[in-house]
Amino acid sequence: MKKNIILIATGLTLVSMFSACTKQIELAPVSSISDANFWQTPEQVDAFVSGLHNRFRGSVGTFQSLGEMRSDIFGTDPGSSSAFTGEATQGVERLWTNNLDMDNPGVSAFGGFYSNIVQINLLISKLNSTNIVTAANKSYYLGIAYGMRAYYYFHMYRTWGKVIIQTEPTTSIDIASLAKAASTEAEVIKLIKDDIDNSINSFGNNYTFRNTKSYWSKPASLMLKAEVYLWTSSKGGGTADATIAKAALTDIQANTAGLTLQSNYANIFATTNRGNSEIIFAVRNLLNESSLPFAGSFLPQSGLIANYYDSVGNRKFNVTTDNWGGLLRAPIKIATFRKFNDADSRKWASIQPAYNLVSGKYVIAGCFVSKYQGEQNAGARAYTNDFPIYRYADLLLLLAEAKVILGESPATELNLVRARAYGSNYSAATYGFPNQAIDANPKDAVLQERFLEFIFEGKRWYDLRRAGDSYVFANTSMPTNETYRLLWPIDRNSLTNNRSLVQNPGYPTF
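Here is what the cut-offs are and how they apply
- Residues numbered from 1 in each chain as written.
- Predicted model: local features only at pLDDT ≥ 70, side-chain atom pairs only at ≥ 80, totals over all residues.
- Heavy atoms only, no water.
- Helix = DSSP H or I, 4+ residues; strand = E, 2+ residues; numbered from the N terminus.
- Rg over C-alpha atoms; globule rule 2.2 N^0.38 Å.
- Buried < 20%, exposed > 50% of the residue type's maximum accessible area, 1.4 Å probe, protein only.
- Contact = heavy atoms within 4.5 Å.
- Areas by Shrake-Rupley, 256 points an atom, 1.4 Å probe, with all protein chains shown as cover.
- Lys, Arg positive; Asp, Glu negative; His and termini not counted.
- Charge placed at Lys NZ, Arg CZ, Asp CG, Glu CD.
- 1 Å grid on protein atoms, 1.4 Å probe; cavity = no way out; pocket = protein on both sides within 12 Å on 5 of 7 lines; lining within 4 Å.
- Points joined across faces, edges and corners; volume = space filled by probe spheres on them.
- Phe/Tyr/Trp six-rings, centres within 6.5 Å; stacked < 30°, edge-to-face > 60°.
- Lys NZ or Arg CZ within 6 Å of the ring centre and 35° of its normal.
- Expected span 1.5 Å × (residues − 1).
- Bend = angle between axes of the 7 residues up to and from the residue.
- Core = buried A, V, L, I, M, F, W, Y, C linked by side-chain atoms within 4.5 Å.
- Axes fitted to C-alpha atoms, helices over the stretch in contact; angles between N-to-C directions.
- Parallel < 35°, antiparallel > 145°, perpendicular 65-115°, else oblique.
- Left-handed = near helix turned anticlockwise from the far one by under 90°.
- Salt bridge = Lys/Arg side-chain N within 4 Å of Asp/Glu carboxyl O.
- Pairing = 2+ DSSP bridges.

K.L.:
I'd like a rundown of the overall build of the protein, residues and numbers included.
P.N.:
A count of helices and strands for the protein gives 20 helices and 8 strands. A compact globule built from 510 residues should have a C-alpha radius of gyration of about 24 Å, and the protein, at 23 Å, falls within 12% of that. Dimensions along the principal axes, computed over C-alpha positions, put the protein at roughly 75 × 55 × 50 Å. Classification of the 510 residues of the protein by burial places 56% in the buried group. Look at the contacts in the protein between residues 6 or more apart in sequence, and 71% of them connect residues 24 or more apart. With the model as given, the accessible surface of the protein reaches about 19,900 Å², and the carbon-plus-sulfur share is 50%. The protein carries 47 positive and 42 negative side-chain charges, and their two centres are separated by 1 Å.

K.L.:
Can you lay out empty space enclosed by the protein for me, pointing to particular residues and giving the numbers?
P.N.:
Counted under the stated rule, the structure contains 5 cavities of 30 Å³ or more. In this structure, the largest cavity encloses a volume near 110 Å³. Contributions of two or more residues to the lining of the largest cavity are made by helix 4 (60-68), helix 7 (135-160) and strand 8 (387-391). With 4 residues, the top contributor of residues to the lining of the largest cavity is strand 8.

K.L.:
Tell me what's going on with the packing of aromatic side chains, and back it up with residues and numbers.
P.N.:
This structure, assessed with the given rule, holds 38 aromatic pairs. Centre to centre, the rings of Y140 and F203 are 4.9 Å apart; their planes meet at 85°, and the pair counts as edge-to-face. Taken together, the residues span a long stretch of sequence, with Y140 in helix 7 and F203 in helix 8 (residues 185-203) at a distance of 63 residues. Taken together, the ring pairs in this structure connect F74, W96, Y265, F269, F294, F298, Y372, F387 and F456 into an aromatic cluster. A cation over an aromatic ring shows up here: R158 above the ring of W231, its NZ or CZ 6.0 Å from the ring centre. Over the ring of Y229 we find K193, and its NZ or CZ is 4.2 Å from the ring centre.

K.L.:
Which residues make up helix 18 (residues 460-467), and what are the values?
P.N.:
Among the 8 residues of helix 18, 8 are classified as buried, and the element is accordingly described as predominantly covered. Residues of helix 18 that are buried include every one of R460, W461, Y462, D463, L464, R465, R466 and A467, and no others. Contacts from the buried residues of helix 18 go to helix 4, helix 7, helix 9 (218-255), helix 14 (392-405), helix 17 (442-454) and helix 19 (469-475). Of the residues trailing helix 18, G468 is marked for its positive phi of about 135°.

K.L.:
Explain helix 9 to me, and be specific about the residues and the numbers.
P.N.:
Between the first and last C-alpha of helix 9 there are merely 10 Å, a value that for 38 residues lags more than 12% behind the 56 Å anticipated at 1.5 Å per step. Along helix 9, the helix axis deviates most sharply at G237, where the bend reaches about 160°.

K.L.:
Lay out the nonpolar core in plain terms, naming residues and giving numbers.
P.N.:
Membership of the largest hydrophobic core comes to 144 residues, with the highest contact counts inside it found for F56, I192 and W216. When residues in this core are grouped by element, the largest group, 15 residues, is from helix 7. Excluding residues that lie within four positions of it along the chain, I192 makes contacts with A150, Y153, F154, Y157 and V228.

K.L.:
Could you give an account of unusual backbone geometry, naming the residues involved and the relevant values?
P.N.:
If a residue is not glycine, its phi is most likely negative; likewise, a peptide bond is most likely trans. With an omega of 10°, the peptide bond between F433 and P434 qualifies as cis. Secondary-structure assignment places P434 in the loop between helix 16 (428-431) and helix 17. Although it is not a glycine, N98 adopts a positive phi angle of roughly 55°. Topologically, N98 is positioned in the loop between helix 5 (93-96) and helix 6 (113-129).

K.L.:
Hey, could you go over the packing of helix 3 (residues 42-58) against helix 6 for me, with residue numbers and the actual values?
P.N.:
Packing of helix 3 against helix 6 brings their axes to within 10 Å, and their N-to-C directions diverge by 155°. With respect to each other, helix 3 and helix 6 are oriented roughly antiparallel. The way helix 3 lies across helix 6 gives a crossing that is left-handed. Residues V45, F48, V49, L52 and R55 of helix 3 pack against S115, N116, Q119, I120, L122, L123 and L127 of helix 6.

K.L.:
Any chance you could break down the pattern of salt bridges for me, citing the residues and the numbers?
P.N.:
Summed over all chains, the structure comprises 34 salt bridges. Note that R158 and E227 form a salt bridge whose closest N and O atoms lie 3.5 Å from each other. Taken together, the residues R158 in helix 7 and E227 in helix 9 connect sequence positions 69 residues apart. By the burial criterion, R158 is buried, and E227 matches it. With a shortest N-O distance of 2.9 Å, R346 and E453 are connected by a salt bridge. Taken as a pair, R346 in helix 13 (residues 345-350) and E453 in helix 17 lie far apart in primary sequence, 107 residues in all.

K.L.:
I'd like a description of the pairing of strand 4 (residues 351-358), backed by residues and values.
P.N.:
One ladder, built from 8 bridges, connects strand 4 with strand 5 (residues 361-369); its direction is antiparallel. Within strand 5, the residue paired with N356 across the bridge is V363.

K.L.:
I'd like a description of the side chain of T89, backed by residues and values.
P.N.:
With respect to the helices and strands, the residue T89 is situated in the loop between helix 4 and helix 5. For T89, the contacting residues outside a window of four places in its chain are W96, R329 and P331.

Right under this line is the structure:
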């Protein structure tokens, strides 16, 4: 019998799986995990679904790179040649300078997403051909599988355009084994939309969350549906697709109890407040299990930051409490920090400025990410914050975006987000829509609010792309005569291993 290799992502998952197996004394001893001896009990399927989420967690660094690193957040300001600490960018600067090619692709092997997709394909195949789990779990797990597959493909679609469609389980996770040409963009977006519909239909009327919102759910699929249809609305789908997006978002509001904005912005990300009322779906990180994979590149070394000052605290940084322990490869532009109003709590919860003290005056030297504070553990900082994929503020601002396309007022949604951001500083006459200067163009107002709200959550590049090419050129380093760079290059190894692939237009051919 043809065997499919099953990969479970963490030892914790394997322990739980094998503990369950010891209760099934009729099972033969196993020396390897395969079709013949795995798909036997509900506990094994549960473990496999857990493994898919662990794999999803392993992709967070890639989600971050694809969704944000080419935007207008990172880099050095004019007149500055390096990160403020003197730490080297080590090639990461090719992302925000938009200087990618097949040998410096930013992200290789299609993000490694195919290794996860073939596992999802296997789960779908098994759930559709067996009755190992209860009907309720079968429906929920199919909802997860189709939703996650659509999410991976949506990242690839927005990044490379034409990609290989693989919906059958395979015995290999190597991109070379696919050995076929990429499908058209129209075929890829159709698969994404079909998978979303299959996910939503599988969940049925079940809007509940599992594992403290660290499992994919129907609300997550509806958020993805809104995001996809707003993308296609901006690419020719117009008001018809915006109407579909709006309906998906209001569906969540009408049928999912307990979703609301947190009163304090910083609390959204606290390690002591996981799965809070604002979270719709987040990637879970726990002490001694996992941490944010990109944190180190966003943060300075502790010994170097101790040479600078925190002007708000009127103090010099120290290695005991400011033990960031990173190596700053992706500095935040000072210009990015200055885009925030001082009265906006998101400024101080998201970015940490560092200053020199010159003749008794603070002079800003640079900035780094402070959104993910992590937790202290035995004198070291562990970056165990959950990473939000979708949260209620995202729902509100996507809804505001849909309303703008449909000629409706985004005031309700924008002002809910702004009121939370400004807290006791909020004045509707000053900060409320339509009273800020940018509100003269509601589309620009929504785009700016998303920048301020979701900085370092992997959304800005996609937001600019969705807004239109002119927004990308106006806000990033990309030259207007190099439109081809909106899509990423395919790396040399992928082109070598699969000769049916063709490099994206504009880049040197292989």
